[in-house]
Amino acid sequence: MATVELKIAKDESDRLLESILPTSIANELKQSWAGEYKTIADHYDEVTVLFSDIVSFTDTTSNYSAEDIVSSLNALIRMFDKRAKKMGVEKIKTIGDAYMAACGVPVPNEHHAEVILKFAVGMYKDLAKYNETAKIKFHIRVGINSGPVIAGIIGENKFIYDIWGDTVNVASRMETNCNPGHIRLTEAVKAKLEKDNHHFEYREEIIDVKGKGLMTTYELPKN
């Protein structure tokens, strides 16, 4: 009986671990726990990173209860999570009302830019469906950038799998400079998409990006 209970506990622990970490990283972490501890970190040359956030979230939710706010936000984020899993996109984390995801990490994908762009379009479809019956209606904006990143696990008790680097910072800047209801891309994303023979209608705009100076960017409508 004790053996059965231990197996059930282990299976539950494994399930919980894999619900918060990519499967390959969870397996690597379990191997580390079983032997000598090692830092889990990798460099990836080709990754596309996405940031989205809810426009004027504080103002939009100011007249609602805490339960209504969390319930509404959770309903939308769960839709994004399901889409990410279906499309092979790795959700990195939520930061307040912001959503961060990537493709090409920890599993390489040569079509990472295409996958993330389609995911971004899908997020708007999820948002439209959510808003049909939502108590609190939201609007979002999305920023995307491609390039190299460093990825790994940080922390001990409340550890997370995270990614770092200039690619991540610029993706975040694309989101903050994006108009609501649109998707803003960098030249790196556009070049990757065109290399894969994907062409699209966009509005080119040179913007002053904090920490980077003037950058040529491209903004797409959600459809």
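Above this text is the structure in question.
Conventions and cut-offs
- Residues numbered from 1 in each chain as written.
- Predicted model: local features only at pLDDT ≥ 70, side-chain atom pairs only at ≥ 80, totals over all residues.
- Heavy atoms only, no water.
- Helix = DSSP H or I, 4+ residues; strand = E, 2+ residues; numbered from the N terminus.
- Contact = heavy atoms within 4.5 Å.
- Areas by Shrake-Rupley, 256 points an atom, 1.4 Å probe, with all protein chains shown as cover.
- Patch = residues over 30% accessible without salt bridge, like charges linked within 9 Å, V, L, I, M, F, W, Y side chains within 5 Å.
- Salt bridge = Lys/Arg side-chain N within 4 Å of Asp/Glu carboxyl O.
- Buried < 20%, exposed > 50% of the residue type's maximum accessible area, 1.4 Å probe, protein only.
- Pairing = 2+ DSSP bridges.
- Core = buried A, V, L, I, M, F, W, Y, C linked by side-chain atoms within 4.5 Å.

Undergrad: Can you walk me through the overall build of the chain in this structure?
TA: Counting its regular elements, the chain contains seven helices and eight strands. Long-range pairs, those at least 24 residues apart, make up 67% of the contacts in the chain with a sequence separation of at least 6. Total accessible area on the chain stands at roughly 12,700 Å², and carbon and sulfur atoms take up 52% of it.

Undergrad: Can you help me understand a nonpolar patch on the surface in this one?
TA: Taken together, I150, I154 and W164 make up a surface patch of nonpolar side chains, about 280 Å² in accessible area. By the secondary structure assignment, I154 is in strand β4 (residues 140–154).

Undergrad: Before we go on, may I ask you to explain the pairing of β4 in this structure?
TA: Along a regular strand, successive side chains alternate from one face of the sheet to the other. Of all 15 residues that make up β4, 12 are buried, and the element is covered over most of its length. Summarising the sheet, strand β1 (residues 41–54) and β4 pair through 12 bridges and their orientation is antiparallel. Among the inter-strand pairings, I54 is bridged to a residue of β4, identified as I140. Where β4 meets strand β5 (residues 160–164), five bridges bridge the pair, whose relative direction is antiparallel. Its bridge partner lying in β5, A151 is registered against I163.

Undergrad: Looking at this structure, how should I read unusual backbone geometry?
TA: Only a minority of non-glycine residues have a phi that is not negative, and only a minority of peptide bonds are not trans. Here the residue pair V105 and P106 is connected by a cis peptide bond, since its omega of -5 degrees sits within 30 degrees of zero. Topologically, P106 is positioned in the loop between β3 (98–103) and α5 (112–133). A positive phi angle is found at S56, which is not glycine, with a value near 50 degrees. Considering the arrangement of structural elements, one finds S56 in the loop between β1 and α3 (57–61). Of note, the phi angle at N197 is positive, near 65 degrees, even though the residue is not glycine. Examined against the element boundaries, N197 turns out to sit in the loop between α7 (187–195) and β7 (203–209). A residue is classified by how much of its surface remains accessible, and N197, at 65% relative accessible area, is exposed.

Undergrad: What am I meant to see in the environment of I92 here?
TA: Looking at the element boundaries, I92 is found in strand β2 (residues 90–95). Sequence separation between I92 and V105 is 13 residues; the distance between their C-alpha atoms is 9.8 Å.

Undergrad: What exactly am I supposed to notice about the nonpolar core here?
TA: Nonpolar side chains in soluble globular proteins tend to end up buried together. If you look at the biggest cluster of nonpolar residues, it comprises 35 residues, and the most contacted ones within it are I144, I183 and L185. No other element matches the 10 residues that α5 contributes to this core. Setting aside anything within four residues of it in sequence, one finds I183 in contact with L117, A120, V121, Y124, V142, I144, C178, Y218, E219, L220 and P221. Grouped together as the second largest cluster of nonpolar side chains are 18 residues, V49, V105, I153 and A171 included.

Undergrad: In this structure, what is going on with the side chain of T186? I would like to understand it.
TA: Its location among the elements puts T186 in strand β6 (residues 182–186). Classification of T186 by relative accessible area gives buried; the value is 2%.

Undergrad: What exactly am I supposed to notice about the side chain of T167 here?
TA: Tracing the sequence through the fold places T167 in helix α6 (residues 166–176). Filtering out sequence-adjacent residues up to four positions away, T167 remains in contact with V47, V49, N145, S146, G147, P148 and V149.

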